[in-house]
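Structural overview
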Amino acid sequence: MFRYRLVLCAVLIGAVLWLEHNAFAQDIADQIQKQYTTITSFQSEFSQELTNAASGESEQRKGEIWYQKPEHIRWHTTCPEEELLVSNGDVVWDYFPDEKVAYKYSLEGRFDSKTMLKFISGEVNLKQDFRIQVLGSDPDFFEWTKVRLEPIEPEPSLVMAFIWLEPETDLIRQVLLEDFFGNSNRLTFEDIRLNIEKDLQPSLFTFDPPEEVEVMKGR
């Protein structure tokens, strides 16, 4: 009987701790969603690290991102090679100046997947799409709060995600996405400016391919 009570007590304590932790995770998700519903636009410098799991090789990128609701994005990679990705609410363009080629995607097809674009644009519903685990302050990244996101419905392009939150603002400062093959895409936001409509020109979210550029339909 005594052993039974100890086991029952341990189960109850575990259940209470799980409920408290789960409630905290849900609170974090609510805070993030609330913050991003108030953001109408932003501009940010970024650094990006793409890692190939098979070879272990990584590629470092830098550039600038502009965003305006709904689904207007300009993602300009400046090094090591220039690339311009523009979403204007109807289509998505991916332009490679050095190769003189531009890929044109339908907006619906590009945003269906839980890709980095959805994290940037705030289109991800954390509570609906993920199982959330708060891992606590990360000393490697400015004591930002690290959160593990396990997709409820994994897909080849996303089987696991991590985000790092700035505690003072509830802003996502870093995103790490992992695909089925173990490849990772880490994006870090720097010098974020919020709600900057007065500084945004419509031309930021439009793209007209130069005459010498080959236009291809993206898959």
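These figures come from a predicted structure and were not determined experimentally.

**A word on the sheet that holds strand β12 (residues 214-217)**
- The strand order across the open sheet built from twelve strands is β7-β8-β9-β10-β11-β1-β2-β3-β4-β5-β6-β12, with neighbouring strands paired in mixed fashion. Sheet topology places β7 (130-138) and β12 at the edges, where each strand pairs with a single neighbour. Taking the axes of each pair of neighbouring strands and ignoring which way they run, one obtains an average angle of 20° across the sheet.
- The sheet contact formed by strand β9 (residues 160-166) and strand β10 (residues 171-178) spans seven bridges and is antiparallel. Considered in β10, the bridge of Leu 165 is made with Ile 172.

**What to know about the pattern of salt bridges**
- Overall, the coordinates contain eight salt bridges when judged by the stated rule.
- Where Lys 127 meets Asp 30, a salt bridge forms, and the shortest distance between an N and an O atom there is 3.0 Å. Here the residue Lys 127 occupies a position in helix α4 (residues 126-129), and Asp 30 occupies one in helix α1 (residues 2-37), the gap between them amounting to 97 residues.
- Between Glu 150 and Arg 131 there is a salt bridge, with the nearest N and O atoms lying 3.8 Å from each other. With a gap of 19 residues between them, Glu 150 in strand β8 (residues 144-151) and Arg 131 in strand β7 connect regions that are remote in the sequence.
- Exposure remark for Glu 150: the relative accessible area of 28% places this residue in the partly exposed category.
- When its relative accessible area of 45% is taken as the criterion, Arg 131 is described as partly exposed.
- What emerges from the salt-bridge pattern is a single network uniting Glu 59, Arg 61 and Glu 83.

**Some points on a negative patch on the surface**
- A cluster of acidic residues, Glu 81, Glu 82, Asp 98 and Glu 99, forms a negative patch at the surface.
- Structurally, Glu 82 is set in the loop between β3 (72-79) and β4 (83-88).

**Things to note about the side chain of Gln 174**
- Mapped onto the fold, Gln 174 is located in strand β10.
- At a separation of 2.6 Å, a polar atom in the side chain of Gln 174 contacts the side chain of Thr 188.
- Contacts of Gln 174, omitting those with residues within four sequence positions, involve Phe 141, Trp 144, Phe 162, Ile 163, Trp 164, Arg 186, Leu 187, Thr 188 and Phe 189.

**Quick notes on the nonpolar core**
- Trp 75, Phe 119, Leu 126, Leu 149 and Ile 163 are the most contacted members of the largest nonpolar core, which totals 36 residues.
- Broken down by element, the residue count for this core peaks at five residues, all from α1.

**Details of the environment of Thr 145**
- Within the element layout of this structure, Thr 145 appears in strand β8.
- As a C-alpha pair, Thr 145 and Arg 173 span 28 residues in sequence and 9.7 Å in three-dimensional space.

Each value, and the rule that gives it
Residues numbered from 1 in each chain as written. Predicted model: local features only at pLDDT ≥ 70, side-chain atom pairs only at ≥ 80, totals over all residues. Heavy atoms only, no water. Pairing = 2+ DSSP bridges. Helix = DSSP H or I, 4+ residues; strand = E, 2+ residues; numbered from the N terminus. Axes fitted to C-alpha atoms, helices over the stretch in contact; angles between N-to-C directions. Salt bridge = Lys/Arg side-chain N within 4 Å of Asp/Glu carboxyl O. Buried < 20%, exposed > 50% of the residue type's maximum accessible area, 1.4 Å probe, protein only. Patch = residues over 30% accessible without salt bridge, like charges linked within 9 Å, V, L, I, M, F, W, Y side chains within 5 Å. Areas by Shrake-Rupley, 256 points an atom, 1.4 Å probe, with all protein chains shown as cover. Lys, Arg positive; Asp, Glu negative; His and termini not counted. Charge placed at Lys NZ, Arg CZ, Asp CG, Glu CD. Polar contact = N/O pair within 3.5 Å; in protein donor to acceptor, adjacent residues only side chain to side chain. Contact = heavy atoms within 4.5 Å. Core = buried A, V, L, I, M, F, W, Y, C linked by side-chain atoms within 4.5 Å.

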